[in-house]
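Overview (structure and organization)
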Amino acid sequence: GRIVSMGRDVAIPATARVIDGQGQHAWPGLVALGTGLGLYEIGQVGATVDSSEIGGNHPDVRVTASLNAESAHIPVTRSNGITRAQVAPQGGGPMRGQSAIIRLEGDTWEELTMVDRDQLHVSFPRTRNDAKEKTKKSEAVEELERLLEEARDYERLRVEARTHGSTPPPYEPRLEALVPYALGQKRVALRVDNAQTILNALRFAREQELDCVLYGVREGWKVAEAIAESGLPAVVGPVLTTPSSEFDPYDSAYANAAVLVRAGVPVSIMADDSENTRNLAFHAAMACAFGLPHEEAVRAITYYPAQVLGLESELGSLAPGKRADVVLTDGDLLEVKSRVTAMFIDGRSVSLQNRQTRFYDRYRSRLLRLQGK
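Being a predicted model, the structure only gives us computed values, none of them experimental.

This paragraph deals with the overall build of the protein. Counting its regular elements, the protein contains 11 helices and 12 strands. Relative to the globule expectation of 21 Å for 373 residues, the C-alpha radius of gyration of the protein, 22 Å, shows essentially globular dimensions. For the protein, the spread of C-alpha atoms along the three principal axes comes to 75 × 55 × 50 Å. Across the 373 residues in the protein, those meeting the buried criterion constitute 48%. In the protein, the share of contacts with a sequence separation of at least 24, taken over all contacts with a separation of at least 6, comes to 70%. Of the roughly 18,500 Å² that the protein leaves accessible, carbon and sulfur atoms contribute 49%.

Attention now moves to helix H7 (residues 252-263). The end-to-end C-alpha separation of H7 is 15 Å, in line with the 16 Å expected for 12 residues at 1.5 Å each. Those residues of H7 that sit buried are Ser252, Ala253, Ala255, Asn256, Ala257, Ala258 and Leu260. The secondary structure elements touched by the buried residues of H7 are helix H6 (224-230), strand E8 (234-236), strand E9 (267-269) and helix H8 (280-289). Of the residues trailing H7, Gly264 is marked for its positive phi of about 100 degrees.

Before going further, it helps to spend a moment on the sheet that holds strand E6 (residues 187-192). Pairing between sheet strands relies on hydrogen bonds along the backbone, with the strands arranged either parallel or antiparallel. Here we have eight strands laid out as an open sheet, ordered E2-E3-E4-E5-E6-E7-E8-E9, and mixed in their pairing. Two strands lie at the open edges of the sheet, namely strand E2 (30-35) and E9, each paired on one side alone. Each adjacent strand pair in this sheet contributes to an overall mean axis angle of 25 degrees, direction not counted. Pairing of E8 with E9 involves three bridges; the strand directions are parallel. Bridging across to E9, Ala234 finds its partner in Val267. Sheet contacts for helix H5 (residues 195-208): E6 and strand E7 (212-216); angle to E6, the most-contacted strand, approximately 160 degrees.

Next up on the list: empty space enclosed by the protein. This structure, assessed with the given rule, holds five cavities of 30 Å³ or more. By volume, the largest cavity amounts to about 90 Å³. Contributions of two or more residues to the lining of the largest cavity are made by helix H3 (139-164) and H5. In terms of residue count, the dominant contributor to the lining of the largest cavity is H5 (four residues). Of the residues contributing to the lining of the largest cavity, the split by class is four nonpolar, four polar and six charged.

As a further point, take the nonpolar core. If you look at the biggest cluster of nonpolar residues, it comprises 75 residues, and the most contacted ones within it are Leu190, Leu214, Ile227, Ile269 and Ile301. Residue contacts for Leu214: discarding those within four places in its chain leaves Leu190, Val192, Ile198, Leu202, Ile227, Leu232, Pro233, Ala234 and Val235. Membership of the second largest hydrophobic core comes to 13 residues, among which are Leu33, Tyr215, Met270 and Leu309.

Taking 1.5 Å of rise per residue, 26 residues should cover 38 Å, and H3 covers 37 Å from first to last C-alpha, within 8% of that figure. Every buried residue of H3 is listed here: Val141, Leu144, Glu145, Leu147, Leu148, Ala151, Arg152, Tyr154, Glu155, Arg158 and Ala161. Looking at the packing, one finds that the buried side of H3 touches strand E4 (95-103), strand E5 (113-123), helix H4 (173-182) and H5. Gly165 lies just past H3 and shows a positive phi near 70 degrees.

For the rest of this paragraph, the subject is the packing of aromatic side chains. Summed over the entire model, instances satisfying the criterion amount to five aromatic pairs. Between the aromatic rings of Phe359 and Tyr363, the centroid separation amounts to 6.2 Å while the plane-to-plane angle is 40 degrees, which identifies the pairing as tilted. Pair noted here: Phe359 and Tyr363 are both in helix H11 (residues 355-370), with a separation of four residues, about one helical turn.

Reading guide: rules and limits
- What you see as residue numbers is a count from 1 along each chain, following the sequence as written.
- Whole-chain, interface and lining totals are the exception, using all residues; otherwise, since this is a predicted model, local features are given only for residues with pLDDT of at least 70 and side-chain atom pairs are given and counted only at 80 or more.
- Side-chain metrics in this entry use all non-hydrogen atoms of the structure; hydrogen atoms and water are not considered.
- The numbering of helices and of strands both runs from the N terminus, where a helix is a DSSP run of H or I of at least 4 residues and a strand a run of E of at least 2.
- The reference for a compact globule is 2.2 Å times residues^0.38; the radius of gyration itself is calculated from the C-alpha atoms.
- Here's how the labels work: a residue is buried when its accessible area is under 20% of the maximum for its type, exposed when over 50%, partly exposed in between, all with a 1.4 Å probe on protein chains only.
- The contact rule is simple, with two residues in contact once any of their heavy atoms fall within 4.5 Å.
- Note on areas: Shrake-Rupley, 1.4 Å probe, and residue coverage restricted to the protein chains presented here.
- The span expected for a helix works out to 1.5 Å for each residue beyond the first.
- A strand pair is defined by DSSP finding two or more bridges across the two strands.
- Note on method: axes are straight lines fitted to C-alpha atoms, helices fitted across the in-contact stretch only, with angles between N-to-C directions ranging 0 to 180 degrees.
- Residues are called lining when one of their atoms sits within 4 Å of a cavity or pocket point, these points coming from a 1 Å grid over the protein atoms alone, where a cavity is a set in which a 1.4 Å probe fits but cannot get out and a pocket is an open set with protein on both sides within 12 Å along at least five of seven lines.
- Grid points are joined across faces, edges and corners, and a volume is the space filled by probe spheres set on the points.
- Here the term charged refers only to Asp, Glu, Lys and Arg, the term nonpolar to Ala, Val, Leu, Ile, Met, Phe, Trp, Tyr, Cys and Pro, and the term polar to all other amino acids, Gly among them.
- Among the buried residues, those of types Ala, Val, Leu, Ile, Met, Phe, Trp, Tyr and Cys that are joined through side-chain atoms within 4.5 Å form a nonpolar core.
- Aromatic contacts are taken between Phe, Tyr and Trp rings whose centres are within 6.5 Å, Trp giving its six-membered ring; a plane angle under 30 degrees counts as stacked, one over 60 as edge-to-face, and the others as tilted.

This is a description of form; function is not addressed.
If you want it as structure tokens, here you go:
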């Protein structure tokens, strides 16, 4: 399931399957961050949507409990070059729950799952840019701080109980799940949108000493220097959207990633669209058209997302020893007209057929039949 060797003069075993890629392009598999893939099926049918939990803060919620390996969205997403995805809760909160990293090939949720409980996703409480008291903490932020402090105390009492043989505190699932994030041992995904909320989130992460990454960051271009100074990476998206304010430039969403990169912020790109995660490459393409260098745009959907997940030694680029997630295309990866011609996940050839290609074949054959061909 891994790349053994690369180059012009590689010794090919006699039993190997050979694919002629003459004139085509080979890429590492794309990595989609923050998706609702496998949790969201048909928006108008509530029984097919299991992407969020009710009842406030739930750091103990994990998406693997709800993954649908038979989702029609998975093969559709896969056919556009995406081989791995971070599936995350899409609502609830502010503490939405924990995400998982999946491979886009498998018959059960166990086969899909690569890493369970990789990040805690927090929808950071929003502060309007025109708020009079921008630095005053809201009750929701104070609640987050209280939960983190309780988790630290919970762990401290457990350690003391083990050390001195005393009675540990009663089991509390929310605090149990929160401990590694409160101690900075695992990464917290802070979902932020407008400029003032981003600034408040940066202060929160610094004061709580959390290992964080920013998700969304639609108005990151307004506070790019502050984000760069924090050293936190940003996952920008969606790119294919309208400005967040009527006073913002028409291309603010398109150029956001480029502005952040020029400021020195490590940037990944996400589609942030439960129904159209497959368009990830096109979000990067639009960012490329509005100032993001082509190499950075490709890395923003391959190598940099792998870094965000702590899996850059496994995914995100083509190199001996890495997982053999390989995509062949007949044109540039960022071109809408380019077609994925072959895909491998963990070295195994994966079908590119999906619900949409089946419909295409069905109705095309009907049209040809009616035309007498």
